Amino acid sequence: MSVRAATANDLPVLEELYRAFEREVPPPPHVSHDTERELAEVREIVGTGLAFLAEEDGAAAGFALARHTDGDVGVLTDLYVAPDRRKEGVAAALAGAVVQELAARGVAHVQLEVGASNAGARAVYQRWGFADDRVVLVAPVQSLAERLTPGRHAESFASLHVQTDAIAEVERAGEAFAPRVGSEGSHVVGPRNGWVTVYDEAIESDPTVLVRFAREISSRLGVVVVTLSLELDKVVRMIALDRGGIVDEYLSVPEFYGRLAPGDVIGLAANPTVLARITGANPQRVREVARTAASPSELPEAHELLAELASVLGLEGAEHGYAGYNPGGVASEG
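Comments concerning the overall build of the chain
Argument step 1. Helix and strand counts for the chain come out as 12 helices and 12 strands.
Argument step 2. Taking as baseline every contact in the chain between residues at least 6 positions apart, the subset at least 24 positions apart corresponds to 61%.
Argument step 3. Element-wise, carbon and sulfur atoms account for 51% of the exposed surface of the chain, whose accessible area totals about 17600 Å².
Argument step 4. Positive and negative charge centroids in the chain, built from 29 and 49 side chains respectively, lie 3 Å apart.

This is the structure:
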């Protein structure tokens, strides 16, 4: 497999790859998209020498596009590998070619954008050394208008439940990781019913931090961790991890934040078998409680749903987060 700079002669191949990319990863519904305009930009980038093509035996395997913005910043705008050529190092080879060319032009930093739901791509980019810089949040105007009505304040909070009685180990793991995400405070409570609960200020303001925090503790201690969160008074989210890997995820309204591919919608429905294995929950009760719907109005009130789900999983203290913590129980501050 070889990677080379693309030329004008490669434009038909690049167009074919770009259209495949577009079909596989369509733009979000709120983003206006003009394919012909995008293809015109591809032609423009080819002219700048920042388009690269991966090939093997004359067959295209993927492409990468980049721009050199003002100053010392470059942008990896597009990276795509054909489905049958993935997990072969093609993406890394393409990105490496981009980085080498940008470095030769005096670029000191490379940035890119990736969809929040594209967990696979985000994991790859993090392994390469990319880190979160800015978070772009999007919401429908109608829902914002409803939630921003004077006197109404949507509530969001989260809790992290660690399947262990070793509270000291959880405290140490949390204390080691919290500074890396800018945490300003945390509480560790338990054990209760075989689980230690972590409340942290940082996990409530950024769902990605919640997952990172849970993954760190689960991986470091080699245990099951379950996160439960209420989001905007409307939806309930649950993520279960075992030894650092996500084994199940649930969102009560899978398309609450925007349209998803059918497979992603299914992936956000709780798996009773998995949850029964790692928590001891009754699978039938999980099915009854962890329902999904097209809108919050089709489900029980979100606080009630969260309480029911926590009860089924045998988790205590999920009805509040860091801000609602009451130190009346056994707790320690980190």
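Re the packing of helix 6 (residues 167-177) against helix 8 (residues 207-221)
Argument step 1. At a minimum axis separation of 10 Å, helix 6 and helix 8 run at an interaxial angle of 130°. When the interaxial angle is binned, helix 6 and helix 8 end up oblique. In this structure, the crossing between helix 6 and helix 8 has a hand that is right-handed. For the pair helix 6 and helix 8, contact is made by Glu169, Val170, Ala173, Gly174, Ala176 and Phe177 and by Arg212, Phe213, Glu216, Ile217, Arg220 and Leu221, respectively.
Argument step 2. In terms of residue class, the contact of helix 6 with helix 8 is built from 7 nonpolar, 1 polar and 4 charged.

Topic: the pairing of strand 3 (residues 59-68)
Argument step 1. With 6 bridges joining them, strand 2 (residues 51-56) and strand 3 adopt antiparallel strand pairing. Across the sheet, the residue bridging to Ala54 is Gly62, located in strand 3.
Argument step 2. Hairpin connection from strand 2 to strand 3: 2 residues lie between these consecutive antiparallel strands, with Asp57 at a positive phi of about 55°.
Argument step 3. Note that strand 3 and strand 4 (residues 73-81) share 7 bridges and pair antiparallel. When the sheet's bridge partners are listed, Gly62 is paired in strand 4 with Val81.

Observations regarding the pattern of salt bridges
Argument step 1. As enumerated under the stated definition, the model contains 15 salt bridges in all.
Argument step 2. A salt bridge links Glu88 to Arg85, with the nearest nitrogen and oxygen atoms 2.7 Å apart.
Argument step 3. Judged by relative accessible area, Arg85 falls into the buried class, the value being 15%.
Argument step 4. In this structure, Glu288 and Arg285 form a salt bridge, with 2.8 Å as the shortest nitrogen-oxygen distance. Separated by 3 residues within a single helix, Glu288 and Arg285 lie in helix 11 (residues 283-289), roughly one turn from each other.

As for the packing of helix 1 (residues 11-24) against helix 2 (residues 35-48)
Argument step 1. Two numbers describe how helix 1 lies on helix 2: the axes approach to 11 Å, and their chain directions differ by 135°. On the basis of their axis angle, the class for helix 1 and helix 2 is oblique. Helix 2 is crossed by helix 1, and the crossing has right-handed handedness. Counted together, Leu11, Leu14, Glu15, Tyr18, Arg19 and Glu22 of helix 1 and Thr35, Glu36, Glu38, Leu39, Val42, Arg43 and Val46 of helix 2 form the full contact between these two elements.
Argument step 2. In terms of residue class, the contact of helix 1 with helix 2 is built from 6 nonpolar, 1 polar and 6 charged.

Re the nonpolar core
Argument step 1. Of all hydrophobic cores here, the largest spans 33 residues; its most connected members are Val226, Leu228, Met238, Tyr250, Leu275, Leu309 and Leu313.
Argument step 2. When contributions to this core are tallied by element, the ones reaching two or more residues are strand 9 (224-231), strand 10 (235-242), strand 11 (245-251), helix 10 (272-279), helix 11 and helix 12 (302-313).
Argument step 3. Residue contributions to this core peak at 7 residues, all from helix 12.
Argument step 4. What Leu275 contacts, discounting residues up to four positions off in sequence, is Met238, Ala240, Asp248, Ala270, Gly280, Ala281, Val286 and Leu313.
Argument step 5. Leu65, Leu76, Ala97 and Val107 belong to the second largest nonpolar core, which has 32 residues in total.

Let's talk about the sheet that holds strand 3
Argument step 1. Reading across from one edge, 1-2-3-4-5 is the order of the 5 strands in this open sheet, with mixed pairing throughout. Of all the strands in the sheet, the pair left with one neighbour each is strand 1 (2-5) and strand 5 (109-111). Between one strand axis and the next, the sheet turns by 30° as a mean value, whatever way the strands run.
Argument step 2. In terms of strand pairing, strand 1 meets strand 2 through 4 bridges, oriented antiparallel. In the sheet register, Arg4 faces strand 2, and the bridge partner there is Leu53.

Observations concerning helix 6
Argument step 1. Those residues of helix 6 that fall on the buried side of the exposure criterion are Val170, Ala173, Gly174 and Phe177. Seen from one end, helix 6 has its buried residues packed into an arc of 95°, which puts them on one side.

Looking at the confidence of the model for the chain
In low-pLDDT regions, the fine details of the predicted coordinates are not to be read closely.
Argument step 1. Residues at a pLDDT of 70 or more form 94% of the chain, whose mean pLDDT is 86.
Argument step 2. A low-confidence stretch, residues 329-334 stays under pLDDT 50, and its non-local contacts, those more than four residues away or across chains, total 15 contacts.

Some remarks on the side chain of Ser159
Argument step 1. Counting through the fold element by element, Ser159 comes out in strand 6 (residues 157-162).
Argument step 2. A polar atom in the side chain of Ser159 sits 2.8 Å from the side chain of His161.
Argument step 3. In this structure, Ser159 is in contact with Thr197, Val198, Tyr199, Val226, Thr227, Leu228, Gly317, Ala318 and His320, ignoring residues within four places of it in sequence.

Regarding unusual backbone geometry
Argument step 1. Geometrically, the link from Gly190 to Pro191 is a cis peptide bond, its omega value of 0° lying close to zero.
Argument step 2. Notably, Lys87 is not glycine yet its phi reads approximately 65°, a positive angle.
Argument step 3. Here Lys87 shows up in the loop between strand 4 and helix 3 (90-104).
Argument step 4. Owing to a relative accessible area of 89%, Lys87 belongs among the exposed residues under this scheme.

Each value, and the rule that gives it
Residues numbered from 1 in each chain as written. Predicted model: local features only at pLDDT ≥ 70, side-chain atom pairs only at ≥ 80, totals over all residues. Heavy atoms only, no water. Helix = DSSP H or I, 4+ residues; strand = E, 2+ residues; numbered from the N terminus. Contact = heavy atoms within 4.5 Å. Areas by Shrake-Rupley, 256 points an atom, 1.4 Å probe, with all protein chains shown as cover. Lys, Arg positive; Asp, Glu negative; His and termini not counted. Charge placed at Lys NZ, Arg CZ, Asp CG, Glu CD. Axes fitted to C-alpha atoms, helices over the stretch in contact; angles between N-to-C directions. Parallel < 35°, antiparallel > 145°, perpendicular 65-115°, else oblique. Left-handed = near helix turned anticlockwise from the far one by under 90°. Nonpolar A, V, L, I, M, F, W, Y, C, P; charged D, E, K, R; others polar. Pairing = 2+ DSSP bridges. Salt bridge = Lys/Arg side-chain N within 4 Å of Asp/Glu carboxyl O. Buried < 20%, exposed > 50% of the residue type's maximum accessible area, 1.4 Å probe, protein only. Core = buried A, V, L, I, M, F, W, Y, C linked by side-chain atoms within 4.5 Å. Arc of directions from axis to C-beta. pLDDT = per-residue confidence, 0-100. Polar contact = N/O pair within 3.5 Å; in protein donor to acceptor, adjacent residues only side chain to side chain.

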